[in-house]
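Structural overview for review
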Amino acid sequence: MPEGRIAADLERGPVSLATYGRVFAYSLVKRGMPMPVTLKAAARAATVAALSGVLAACGPAADIADIVLNPTGEKPAIDAGQQAWHDRFLVADLHADTLLWHRGLREYSSWGQVDLNRLTLGNVGLQVFTMPTRVPVPSRSEPCTSENNFDPAPLLAFSSGWSAATWSSSYQRAVTQAEVFRQAVVQKRRSGIELVQIREIADLEAWLARRFAEPDRQNRNLIAGLLGVEGAHAFAPDLGSEFDTLVRVYGLRVVGPMHHFSNVYGESSEACKGDRPGLTEPGRRLIRELFRRNMIVDLAHASTQSIRDAVAIAYDNRRPVLASHTGVKRHLERVYAGTTDPTQLQAIRRAMSDEEIAMVAGTGGTTGIIYWKDQIGEARVDNVVEAIMQAYCDLAWREGTTPPGGFHRIENASKHVSLGSDWDGSALNAIDAAHVAAITTRLRARRLAEDDIANIVGRNACGVLGQSLAGGTFPDAQPLCSRYGAPAASVQRKDDAGRAERQQVCRELGMLRPAR
């Protein structure tokens, strides 16, 4: 395949699986390997490569896939004043898939959406690094994803030079990514950038104290990371040795029961017809075990009934849940109004409704808003901010109420919305990690109070993660995170003081529903 064909594909915009396959196959051919035209041929090619000891030669193919699949839509201009204002905040992001890629978690990378240097430039102090292990592509005939669809994860593992065990095992792919994270944590860097892992509430407290050791100044070189998994099919449903190894040895703390497809634990938001609704008994057992171990439940890819089932268990245990990365259904229904495009219909199905976002808030939890083009309409910062504002305004309409099935009264909409980029998630994202200041700047332009911006860009995520690690109730962890960054605790408003202001902002944006 000529280089011009690749260039033409890339110039057209969002890249299809077919393009990814052409780029991958072409890179193999350029290295003298026969082009795999069927899955059997691909398996034979992999075996030959492994036996001949040339597996490392496939690394560039994985890097090409990374370059193609993880672009950004914008590099917005941020002036010194805007960056300085942003740098006053505690900033946290709930989802990045960086560990999946051949480059791993580097200090510097010329492609992809996250590296440690860009996290420092964007003032992202707290980052959840999540491990996808199965990524079957959506069905062509209907807007859904089946676990039986083609899954490029083994192909990516092979091309990245991972061990042969990873080519057929989701668990081994998780272990490999967890090891990448562990090595990034222990590595010493001349630049002074340090990655610390958060396993317990004491780790979070220690990181906050070190990062904010000096008044009015953060140590941006000190980054905290939590390890998560996207889809509990990464370990056996008996919750035995595989699960225990990921938790005890590698410090797994955030678990999303489902990913793009329904599995043994329950129904995905992208499920196909015939999938069992809600959580299965293994799924319920998993949620209870996560709460018992003071771990974090992530419902980003859960169906409505799965969310209801998980919230019911959260109610019994008085624990929060979160949704780490999602679009907002009411926003997408407006952006994609009248669409018949299967990709856009799938995006609407996956995005969380105002009811689902409220259910998460009713546990004291938070919902991270994604930056992925399909889930926000266009890969632009303004679209990210509009999705954030839609979630914020839907919750503002519910202030003073407790959502059905919940135990936490919504007093302040801004305390239940967060950032959940989905960086390096095989998707065109609005921005990379270096440009998060563009979000705070545009939230400020929409006249959100400084308190509300501080909650959205970091304090909520920090508080819910901290509460879960502590195994306590919602108020226990929020004050810990509110002590750090702007605005100072002494000038923060009480929740009810800003209610009229929040609703007025939403009314002016045309996003507030009529009064009850």
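Residue numbering note: each chain is counted from 1, following its sequence as written. Totals for whole chains, interfaces and linings use every residue, but because this is a predicted model, local features are given only for residues with pLDDT of at least 70 and side-chain atom pairs only at 80 or more, for both listing and counting. Remark: hydrogens and water are excluded; side-chain values derive from all non-hydrogen atoms of the structure.

1. What to know about the state of the cysteines
Disulfides are covalent bonds that connect the sulfur atoms of two cysteines. Criterion for a disulfide: a pair of cysteine sulfur atoms within 2.5 Å. Across all of its chains, the model carries three disulfides by this definition. Sulfur-sulfur distance for the disulfide between Cys144 and Cys272 comes to 2.0 Å. Here the disulfide of Cys144 and Cys272 is right-handed, its torsion about the S-S bond being about 90 degrees. A residue pair is termed long-range when its members are at least 10 positions apart, and Cys144 in the loop between β2 (126–132) and α7 (153–159) and Cys272 in the loop between β5 (252–256) and α11 (281–292) qualify at 128 residues. When sorted by exposure, Cys144 lands in the same class as Cys272, which is buried. The numbering of helices and of strands both runs from the N terminus, where a helix is a DSSP run of H or I of at least 4 residues and a strand a run of E of at least 2. Relative accessibility under 20% of the residue-type maximum defines a buried residue, over 50% an exposed one, and the middle range a partly exposed one, all with a 1.4 Å probe and only protein chains included.

2. Some thoughts on the confidence of the model for the protein chain
Close inspection of predicted coordinates is inappropriate for parts of the model with low pLDDT. With 85% of its residues at a pLDDT of 70 or more, the protein chain shows a mean pLDDT of 88. Here pLDDT means the predictor's own confidence in every residue, given as a number from 0 to 100. In what follows, a contact means two residues having at least one pair of non-hydrogen atoms within 4.5 Å. The model gives residues 1–20 a pLDDT under 50, and that stretch makes 22 contacts with residues more than four places away or in other chains. Of the regions scoring below 50 in pLDDT, residues 48–56 engages in nine contacts with residues more than four places distant in sequence or in other chains.

3. Digging into the sheet that holds strand β7 (residues 322–326)
Pairing between strands is defined by DSSP: at least two bridges between them are needed. One open sheet holds the three strands; their spatial order is β7-β8-β9, and the pairing between them is parallel. The open sheet terminates on both sides in strands that have one partner only, identified here as β7 and β9 (417–419). Each neighbouring strand pair of the sheet contributes to a mean axis angle of 25 degrees, computed without reference to strand direction. Pairing geometry for β7 and strand β8 (residues 366–369), over three bridges, is parallel. The residue of β8 that forms the bridge with Thr326 is Ile369. Here, axes are lines fitted to C-alpha atoms. For helices the fit covers the stretch in contact, and angles between N-to-C directions go from 0 to 180 degrees.

4. Remarks on α11
Here α11 contains 12 residues, and its C-alpha end-to-end distance of 16 Å stays within 8% of the 16 Å for a straight helix at 1.5 Å per residue. In the stretch just after α11, Asn294 is the one whose phi turns positive, near 60 degrees. One less than the residue count of a helix, multiplied by 1.5 Å, gives the span that helix is expected to have.

5. Points about the packing of aromatic side chains
Here a Phe, Tyr or Trp ring, Trp counted by its six-membered ring, pairs with any other such ring whose centre lies within 6.5 Å, and the pair is stacked when the planes are under 30 degrees apart, edge-to-face when over 60, and tilted otherwise. This structure, assessed with the given rule, holds eight aromatic pairs. For the pair Tyr315 and Phe407, a centre-to-centre distance of 6.1 Å together with 70 degrees between the ring planes defines the contact as edge-to-face. Here the residue Tyr315 occupies a position in helix α12 (residues 304–317), and Phe407 occupies one in the loop between α17 (381–396) and β9, the gap between them amounting to 92 residues. Only when the NZ of Lys or the CZ of Arg is both within 6 Å of the ring centre and within 35 degrees of the ring normal is a charge said to sit over the ring. Cation over ring: Arg88 sits above Phe89, and NZ or CZ is 5.7 Å from the ring centre.

6. Description of the packing of α11 against α12
The interhelical angle for the contact between α11 and α12, taken along N-to-C directions, is 35 degrees, at an axis separation of 10 Å. For the crossing formed where α11 meets α12, the hand is right-handed. Contacts between α11 and α12 involve Arg284, Ile287, Arg288 and Phe291 from the former and Asp309, Ile313, Ala314 and Asn317 from the latter. Among the residues forming the contact of α11 with α12, the class breakdown is four nonpolar, one polar and three charged. Put simply, a crossing is left-handed when the front helix is turned counterclockwise from the back one by less than a right angle, and right-handed when it is turned clockwise. Amino acid classes used here: Ala, Val, Leu, Ile, Met, Phe, Trp, Tyr, Cys and Pro are nonpolar; Asp, Glu, Lys and Arg are charged; the rest, including Gly, are polar.

7. Brief notes about the nonpolar core
Side-chain atoms within 4.5 Å are what join buried Ala, Val, Leu, Ile, Met, Phe, Trp, Tyr and Cys residues into a set we call a nonpolar core. By size, the foremost hydrophobic cluster in this structure holds 98 residues, and its most contacted members are Phe235, Leu252, Ile439 and Leu443. The biggest single contributor to this core is α17, with 11 residues. Dropping the residues within four chain positions of it, Ile439 is found in contact with Tyr371, Val381, Val384, Val385, Ile388, Leu419 and Ile431. With 25 residues, the next largest nonpolar core counts Ala92, Ile296, Leu469 and Tyr484 among its residues.

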